[in-house]
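Each chain, written out:
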Amino acid sequence: MTSMTAPHTSFSPADNPRLGLRERKKIKTREAIREAMYALVEEQGYEATTIEQIAERAEVSPSTVFRYFPTKEDIVLTDEYDPLILEELRARPADEPWPESLRHVMHRAVALGMKDAHSVSRLRTRLMVEVPAVRSRMMESMSETGRLLCQAIGERTGRDPHSLEVRVYAMSIVGGLMETSMYWAEQDHEPEFKDLVDRALNVIEHGLPPEKP
């Protein structure tokens, strides 16, 4: 899901044989643009990095960058994993309790996002905290991820995906994961992100735990 996973791992969506050649090429272009962006940000900072520089590094035109990513912030935030996560949810056993399915899929998403790209995950979450424009754009993009999650919840539970209850529940998950990502960055990326995700899912499932004395 958006901003929870790193943009490129050894398991790239572009390698998915179920996708057509044209779609795989598009994904590889998006990955090249993101990789160029992150390399430049590491070298010179976010504000100093321009679309023209990103295009040159990725060996595409600036218009191609804008065709794939309407804003510079979208390059930071967008990844290819929402469809994979939905596939994982749909593949879970029908009789498995929903919280267990959700936890399994979140663990899978974290594993995909961290594998071979831990430094990129750290950079993405740090930019969410440090750059107001990135944080603002993420708030805007949450609605799309929430809509996809509503659809998955509806399919799994038989509930109306447009109902208030499903929408509130889905957005509590999306918002909770966004806050988890920001908290991780604020704590200098300690402890492991998967442990924080488990804590967040516990709150979503059970509510606030009692305060420790």
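Along every chain, residues carry numbers that run from 1 in the direction the sequence is written. The model is predicted, so local features are restricted to residues of pLDDT at least 70 and side-chain atom pairs to those at 80 or more, both for listing and for counting; the totals for chains, interfaces and linings are taken over all residues. As a rule here, side-chain values cover all heavy atoms of the structure and leave hydrogens and water aside.

**What to know about the pattern of salt bridges**
Where side chains of opposite charge bring their charged atoms close, a pairing between them can arise.
Here comes step 1: We define a salt bridge as a contact between a side-chain nitrogen of Lys or Arg and a carboxyl oxygen of Asp or Glu at a distance within 4 Å. Tallying each qualifying case throughout the model produces 12 salt bridges.
Here comes step 2: R30 is the salt-bridge partner of E23, the closest N and O atoms lying 3.3 Å from each other.
Here comes step 3: For R30, a relative accessible area of 15% translates into the label buried.
Here comes step 4: For E205, the salt bridge identified is with R103, shortest N-O distance 3.5 Å. On the criterion of sequence distance, the pair formed by E205 in helix α10 (residues 193–206) and R103 in helix α6 (residues 98–114) is long-range, its members being 102 residues apart.
Here comes step 5: Taken together, the shared-partner salt bridges in this structure form one network comprising D74, R137 and E140. Whether a residue is buried, partly exposed or exposed follows from its accessible area with a 1.4 Å probe, protein chains only, as a fraction of its type maximum: under 20%, in between, or over 50%, in that order. The helix and strand labels rest on DSSP assignments: H or I over at least four residues marks a helix, E over at least two residues marks a strand, and numbering proceeds from the N terminus.

**A look at empty space enclosed by the protein**
A water-sized probe rolled over the atoms picks out the places where empty space is left.
Here comes step 1: Of the grid points, spaced at 1 Å and generated over the protein atoms alone, those admitting a 1.4 Å probe that cannot get out make up cavities, while open sets with protein on both sides within 12 Å along at least five of seven lines make up pockets; any residue with an atom within 4 Å of a point is treated as lining. Grid points are joined across faces, edges and corners, and a volume is the space filled by probe spheres set on the points. Taken as a whole and assessed by the stated rule, the structure comprises 3 cavities of 30 Å³ or more.
Here comes step 2: Approximately 50 Å³ is the volume found for the second largest cavity.
Here comes step 3: Contributing to the lining of the second largest cavity are P99, L102, R103, Y169, L201, I204 and E205.
Here comes step 4: Those elements giving two or more residues to the lining of the second largest cavity turn out to be α6 and α10.
Here comes step 5: By residue class, the composition of the lining of the second largest cavity is 5 nonpolar, no polar and 2 charged. The classification used treats Ala, Val, Leu, Ile, Met, Phe, Trp, Tyr, Cys and Pro as nonpolar, Asp, Glu, Lys and Arg as charged, and all other residues, Gly among them, as polar.

**A look at the packing of aromatic side chains**
Here comes step 1: Within 6.5 Å between ring centres, the rings of Phe, Tyr and Trp (the latter by its six-membered ring) count as paired, and their orientation is classed by plane angle as stacked under 30 degrees, edge-to-face over 60, tilted in between. Throughout the structure, instances matching the rule amount to 1 aromatic pair.
Here comes step 2: For the ring pair W184 and F193, a centre distance of 5.0 Å and an interplane angle of 40 degrees mean the geometry is tilted.
Here comes step 3: Overall, the relative accessible area of 2% leaves F193 in the buried class.

As far as function goes, none of this settles anything; it's purely spatial.
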